[in-house]
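Remarks on the overall topology
Listed below are the residues making up each chain.
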Amino acid sequence: MRSLNPEWSPDSFHARVAALAEIPANGKVLDLGCGKGLTLPYLLAASGPSGEVVGADRDQRSLDAIRSGFPEEIANGRLTLTNVRIDDTLPFLAERFDSIVCQNVIECIPDKGALLTDIARILKPGGVAVIGHHDFDGVLLASDDRDLTRRLVHGYADHTQEWQEVSDGQMGRQLPGLVGASPLSTAVTETVLFVDRTLSRNSYARQHLEGMVSLARESGVTDDEAGAWLARLEARAEAGQFYYALPWVYVVSRLPSP
Ligand SMILES: C[S@@+](CC[C@H](N)C(=O)[O-])C[C@H]1O[C@@H](n2cnc3c(N)ncnc32)[C@H](O)[C@@H]1O
């Protein structure tokens, strides 16, 4: 059976994030927490030949890897990469950007309200901010052992990775309330479900499930139990019985025009 929901794929996902930012021609855009830079090509395309895109992250290795992929854009000033620690005060001038995207980052920031206030400060009047987050604790997964599945889903969602100061596996569902209470409150929100029915080799679902297995011991589940659980899900996929849905919540805010 074919799902009418999209499956998560990097190309269509990051293209969609960029499209939501409503970047004007020749616009100035910030990708706050740009990670491996997967949204940057779409931001560059949307801002056009005289646009300016800034990718900001504190992970220097990621920034170095991105740098080697965009030599021309960096040389002609269309792309700037900057090592920034994102917290409540961002190192950018007021009203610097037409559009700002911040995807799967805000769970890592201790004072989320202060960050949203500062995003509003560096956005131009009439500018657009896209704040998005997956809700890892809200994953739907069809399985034969509901209790074990709940433990593994929650265990993954509750885990703070070593590169994170703080984390929140329910960040997606918190976003509309959080942004609504900030200066970015003129906003719309949508919750999208990415559905996978096949558990193919490089799919997002497989990476997520393997992540749950690798953290199983934190949930009091042995490696053998977790491995057998994944094998049963693979058998389900073979039999057409696999279902995985990942919620993505985003908020698009536009500051009032002058
Ligand atoms: C899950 S990745 C998301 C990357 C990208 N936005 C995407 O959607 O592919 C989170 C990124 O946020 C960055 N990050 C987390 N906390 C940060 C902080 N306090 N300052 C700067 N970067 C941070 C990490 O280095 C990582 O690259």
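Because the structure is a prediction, the values reported are computed rather than measured. (Residues numbered from 1 in each chain as written. Predicted model: local features only at pLDDT ≥ 70, side-chain atom pairs only at ≥ 80, totals over all residues. Heavy atoms only, no water.)

1. Let's talk about unusual backbone geometry
Most peptide bonds adopt trans geometry, and most residues besides glycine take a negative phi value. Test applied: A run of H or I in DSSP becomes a helix once it reaches four residues, and a run of E becomes a strand once it reaches two; helices and strands are each numbered from the N terminus. Buried means the residue's accessible area, taken with a 1.4 Å probe over protein chains only, is under 20% of the maximum for its type, while exposed means over 50%, and partly exposed covers the values in between.
One non-glycine residue with positive phi stands out, namely Glu 22, at about 45°. Assignment of secondary structure puts Glu 22 in the loop between α1 (10–20) and β1 (28–32). Owing to a relative accessible area of 44%, Glu 22 belongs among the partly exposed residues under this scheme. At Glu 95, a position not held by glycine, the phi torsion is positive, near 55°.

2. What about the domain arrangement of the chain?
Quick reminder of the rule: Where each domain starts and ends comes from a domain assignment, either automatic or drawn from a database. By the convention used here, residues are in contact when the closest approach between their heavy atoms is within 4.5 Å. In short, buried area is how much 1.4 Å probe accessible area vanishes from two parts on joining, totalled over both. By convention in these notes, a salt bridge is any Lys or Arg side-chain nitrogen within 4 Å of a carboxyl oxygen on Asp or Glu. Contacts described as polar in this section are N or O atom pairs within 3.5 Å, which, within protein, must combine one atom able to donate a hydrogen with one able to accept it, while residues neighboring in sequence count only if both atoms come from side chains.
Domain annotation for the chain reports domain 1 (1–135 + 170–194 + 248–258) and domain 2 (138–165 + 198–242). Contacts between domain 1 and domain 2 engage eleven residues on the former and ten residues on the latter. Contact between domain 1 and domain 2 buries roughly 820 Å² in total, counting both sides, with carbon and sulfur atoms accounting for 42%. The largest contributions to the domain 1 side of the interface with domain 2 come from Trp 8, Arg 58 and Cys 108, which together make up 44% of the buried area. Joining domain 1 to domain 2, the criterion identifies two salt bridges. For Glu 165, the salt bridge is made with Arg 58, and the minimal N-O distance between the two is 2.7 Å. Where domain 1 meets domain 2, there are six residue pairs in polar contact (both at pLDDT 80 or more).

3. Focus: the site of the ligand
Using the following cut-off: In these notes, residues near a molecule or strand are those with any non-hydrogen atom within 4 Å of it. Values of accessible area rely on a 1.4 Å probe in the Shrake-Rupley scheme; residue burial ignores everything except the protein chains shown. Gly falls in the polar group here, along with every residue not listed as nonpolar (Ala, Val, Leu, Ile, Met, Phe, Trp, Tyr, Cys, Pro) or charged (Asp, Glu, Lys, Arg).
Taken together, 16 residues lie around the ligand, and Gly 33, Asp 57, Val 84, Ile 86 and Gln 103 are the ones closest in. Contacts to the ligand include Asp 57, whose side-chain N or O atom sits 2.6 Å from an oxygen atom. Relative to its unbound accessible area of 590 Å², the ligand is 86% covered by the protein chains. Across the shell around the ligand, the residue classes break down as seven nonpolar, five polar and four charged.

4. Comments concerning helix α6 (residues 146–158)
One turn of the α-helix equals 3.6 residues, which is why residues spaced by three or four share an orientation. As a reminder, the rule being used: The span expected for a helix works out to 1.5 Å for each residue beyond the first.
With 13 residues, α6 should cover 18 Å at 1.5 Å per step; its first-to-last C-alpha distance of 18 Å lies within 8% of that length. Along α6, the residues that are buried comprise Leu 148, Thr 149, Leu 152, Val 153, Gly 155, Tyr 156 and Ala 157.

5. A few points about the nonpolar core
The test is simple: Residues grouped as a nonpolar core are buried Ala, Val, Leu, Ile, Met, Phe, Trp, Tyr and Cys residues, joined through side-chain atoms within 4.5 Å.
Within the largest apolar cluster, 51 residues are counted, with the highest numbers of intra-cluster contacts made by Leu 141, Leu 209, Trp 229 and Phe 242. Other than its neighbours up to four places away in sequence, Phe 242 contacts Leu 141, Asp 196, Arg 197, Thr 198, Leu 199, Ala 205, Leu 209, Leu 233, Arg 236 and Ala 237. Among the nonpolar cores identified, the runner-up in size contains 30 residues, and Ala 56, Ile 86, Val 179 and Leu 255 belong to it.

6. Re the side chain of Ser 219
With respect to the helices and strands, the residue Ser 219 is situated in the loop between α8 (204–214) and α9 (223–238). Sequence-distant contacts of Ser 219, defined by excluding residues within four places in its chain, comprise Arg 151 and Gly 155.

7. Structural notes on the environment of Arg 58
As for its placement among the helices and strands, Arg 58 is situated in the loop between β2 (52–57) and α3 (60–69). With a relative accessible area of 38%, Arg 58 lands in the partly exposed category. Considering only alpha carbons, one finds Arg 58 and Arg 85, 27 residues apart in sequence, at a separation of 5.3 Å. In contact with Arg 58, not counting residues within four places along its chain, are Asn 83, Val 84, Arg 85, Trp 163, Gln 164 and Glu 165.

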